[in-house]
Every structure is written in C-alpha cells, then in structure tokens.
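# Reading the structure
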Amino acid sequence: MNKHRTILTWSILFLIFGYAMSFNIINVCMVPLVQHFSLTGASQGLMSSMINLGSMLPLFLAPLFQGRVDKLWLIIVSSFLQALMILLGGLSGSFSMLLTSCLLLGIAYSTTDTYVNSYMVDLYPRDSAKYLGLVHGFFGIGGLIVPILLNHVLAWGGWRSAYYIGALLFGLIALIFSVIALSVRKKADVPTAALEQPISRAMLGSYFKSSRNILLLLAGICFAAAQIGLVNWIVHYMSVRFEDAALGSVCLSLYWITTAFSRIFGPRLPFPAHKAQAVGALVSGILLMVGIARGSAMGMAVTCGLFGLFSGPCLPVLVGEAALGNADRTSLTTAVMMLLMSLSRMVTPLAMGSLTNVSLVAAMFVPAVAAILSALFSALANRGRDALVQKA
C-alpha cells in the first residue's frame, strides 16, 4: 500500500477521534445546560435541533461542489470552524447566543462528516466498508472519552470550562491533522476523487429513480433518529427517571465503547456487512424496547452497551452501500444520505422533547421504533443488491 496514503488515512482517523469529542460535548453537558437556561419541554431539544439545522446547509451545497472543490481543504476549514464555535458556545451569555453557536457548529460538523466519508471512499473504493468502519470506530472511541473527561471538568468548573477545554483540544487536533494531511496528500494517490463529474439534472434524476437508493435513504433516516434519540437523551433520561446522572454518563460511554468495537471489528467478521447491518438494527431496537420496559437502571446501562454493539456498523455500512455503483459521484451519494440524516436528527429531539410533556419513558421508545424501521428498509434494499454487484 502507498505509505503516504496510509499516513493520510491515519491523520483522518486522528481528526475523527477529535471530531467525536467535539460532537459529543453538548450531549454530556445537556443536564447543566438545561438547568442553567431553565429549559422545559421541546426547548430542551433546541440545541441539538439547531446543530442539525446548520448541518443541512453544507449538504445542499455538497453536490454543487462535486468535481469543483478540493475536499481536503473543506475538511480542514470546517475543523477549525468547529473549534471556534465550541469556544463561542462556552462564551455564550444567553440561550440565543448558544443556539447561534450550535447552528454554526452544525455547519462545521456536517462539512467535516460529509467530506471525510466521501474522501475515505475515494481512498479505498474497493474496500470502503472496512475503512468507513475504522472512521466511525474512531468516532466511537472519541465519543467514549468525552463523558469520562468532561464529567471531571463539569464537577470542577461547570459546563463553560468543559466547552473551553473542548475548544482547545480540538483546535490542536485540527492543526496537527492539517499539517500532516497537506504534507502527504500529493503523494497519496487518491484513486477516484479527481474523476467525479460535476452534478447535473440527469445525474440527480438517475439517482432518485433507483428504488434501492430510496430504501437506503429511508434506512439512514430511521437509523439517525435512533442514534440521536439515544445519545442525546440517555443522560437526561437516567437523571430524571433514576436520579443518577453519573450512571447516565456511564450509559453513554458504554454505547460508544461497544459502537467503536463493532465498527472496527464488525467488517472483519465472516458475514456480509449489509446483512449484518439489517439484523443489528433490528436486534438493537428490540433490546432497547425491553430495557426501557423493564425499568431497571443497571439493565438500561447494559442495554445501551448492547445497542451500540449491534447497531454500531449501521452508519458506515449505509454510507458504503449508498456509494455502491456510484463511484463517480460519491459526494452526491454521501451528501444526500447525510442531509436526510440531519433532517432526522433535527426533528427527533424536538419530537422527543414534546413527548416528555406526556411521558419521558414514552419518548425513549422513539429510538427503539426507529431502529426497527431502519432494519426493515435495509432488508428491502438488500433484495436488489446482488444484481447491482454483478453489473459493477
């Protein structure tokens, strides 16, 4: 393998590790933020929803950039924007200022996420599921470290200190990534990134005429709802229902531990990744339903770990499957998938926040049902996969 491509790959994984720390700060700080700004009902989900609203803008623009803009520079610029917006969030003197930082943070998150996934498919077009699994596995490792680190910071200096430290750490990670990536990119020999064709109406039409593409998008929408529903609400759920915020952070850590493990090692198992993804989504949804219904705090912690273990590979597999047969337009396939996932992540916290006015327990069933629906759409999409592979 080209050693410069290997170095570039590891620098991307390092960035994604930091990106996960950035992405999960708001989840860990959810309880003190709700208390500080006296939030109730649907307003508790506004921060997450604003992030996902902001994340939609780059996804609308991504197809227009296809074949015209250097993906690596977009990753670099968006990384530094994340650090700046985390700092702005920590400086927020009002809820409206915090929401503004969330909106801009969403723009940065989406740009990084979309182009890292697309760039990795460009680097490894024949083995994208394996390397996308590594990308999302490192995201899981970063997501694991955040609750452990920031809970100590929260106890010491409050949520503002957590934001300041997060901004400093991710700023350093973005700087190191930029220096390494720019120094090796010309020798990395990216196979297909330069071959993408600019977007056209005919290209869009052919993409959306495929029933398989539509089913995969529906599976992505539902899985995004399942993931954001659990990750965004589990600490709050454990704090309110069981009066144990510390165990809520443990639940979040367990989810990311098992998610990272399954994303890194799942693609190496002797099972077709697309079939394992559908089964995993189904099992995780059922297990979450059982965990909520049982009403046990420790049982819920175990459930979160199992949810991550079975559902972990879903996102990278769905992104890889969307690119199957679309090697000349990975920016388009990734952007459309991420756009609809962002819409789902924007609506889900608001819906769950509204449901908490009726019952917090009822709200937690939303991610469980969404995971099961994702499994159904994935299974339907897999029916036409073999014929597509033969054509390719």
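Residues numbered from 1 in each chain as written. Predicted model: local features only at pLDDT ≥ 70, side-chain atom pairs only at ≥ 80, totals over all residues. Heavy atoms only, no water.

### A few points about the packing of helix H1 (residues 3-28) against helix H5 (residues 95-123)
Quick note on the threshold: Axis definition: a line fit to C-alpha positions, over the contact stretch in the case of helices; interaxial angles, taken between N-to-C directions, run 0 to 180 degrees. Secondary structure follows DSSP: runs of H or I at least 4 residues long count as helices, runs of E at least 2 residues long count as strands, and numbering of each begins at the N terminus. Working definition: roughly parallel below 35 degrees, roughly antiparallel above 145 degrees, roughly perpendicular at 65 to 115 degrees, and oblique for all remaining angles. By definition, any crossing whose near helix is turned counterclockwise from its far helix by less than a right angle is left-handed, and any crossing with a clockwise turn is right-handed. We call two residues in contact whenever any of their non-hydrogen atoms come within 4.5 Å of each other.
Viewed as axis vectors pointing N to C, H1 and H5 meet at an angle of 155°, and their least axial separation amounts to 11 Å. Taken as axis vectors, H1 and H5 run roughly antiparallel relative to one another. Crossing of H1 over H5 shows left-handed handedness. On H5, the residues touching Arg5, Leu8, Thr9, Ile12, Leu15, Ile16, Tyr19, Ser22, Phe23 and Ile26 of H1 are Cys102, Tyr109, Thr112, Asp113, Val116, Tyr119, Met120 and Leu123.

### What to know about the side chain of Ser374
Spelled out, the test is: Only protein chains enter the accessibility calculation, which uses a 1.4 Å probe. A residue is then buried if its area is under 20% of the maximum for its type, exposed if over 50%, and partly exposed in between.
You can see Ser374 is positioned in helix H14 (residues 360-382). Residue Ser374 is classed as buried on the basis of its relative accessible area of 0%.

### Re helix H12 (residues 314-323)
Of all the ten residues making up H12, ten are buried; the element is thus mostly covered by neighbouring parts of the structure. All buried positions along H12 are accounted for by Cys314, Leu315, Pro316, Val317, Leu318, Val319, Gly320, Glu321, Ala322 and Ala323.

### Points about helix H6 (residues 128-184)
We count it as follows: Given the number of residues in a helix, its expected span is that number minus one, multiplied by 1.5 Å. Two axes enter the definition of the bend at a residue: one is fitted to the seven residues ending there, the other to the seven starting there, and the bend is the angle between them.
The end-to-end C-alpha separation of H6 is 21 Å, well short of the 84 Å expected for 57 residues at 1.5 Å each. Taking the largest bend as the criterion, H6 deviates by roughly 130°, centred on Gly157.

### So, unusual backbone geometry
Although it is not a glycine, Ser38 sits at a positive phi angle of roughly 55°. Notably, Glu243 is not glycine yet its phi reads approximately 55°, a positive angle. Among the structural elements, Glu243 can be located in the loop between helix H8 (211-241) and helix H9 (245-265).

### Quick notes on the nonpolar core
Inclusion rule: The term nonpolar core refers to a set of buried residues drawn from Ala, Val, Leu, Ile, Met, Phe, Trp, Tyr and Cys, joined through side-chain atoms within 4.5 Å.
Ile12, Leu33, Met47, Tyr163, Ile234 and Met364 are the most contacted members of the largest nonpolar core, which totals 120 residues. Sorting elements by how many residues they give to this core places H6 first, with 20 residues. Not counting residues up to four positions away in its chain, the partners in contact with Met364 are Gly229, Leu230, Trp233, Ile234, Tyr237, Leu288, Ile292, Met300 and Met352.

### Some details on the pattern of salt bridges
Which entries qualify depends on this criterion: A side-chain nitrogen of Lys or Arg and a carboxyl oxygen of Asp or Glu constitute a salt bridge if their distance falls within 4 Å.
Evaluated as defined, the whole model comprises two salt bridges. Note that Arg212 is salt-bridged to Glu321, the shortest N-O span being 2.4 Å. Taken together, the residues span a long stretch of sequence, with Arg212 in helix H8 and Glu321 in helix H12 at a distance of 109 residues. For Arg212, a relative accessible area of 9% gives the class buried. Using a relative accessible area of 8% as the deciding quantity, one classes Glu321 as buried.

### Re the environment of Asp127
By the element assignment, Asp127 lies in the loop between H5 and H6. C-alpha of Asp127 to C-alpha of Ala370: the two residues are 243 residues apart in sequence and 28 Å apart in space.

As far as function goes, none of this settles anything; it's purely spatial.
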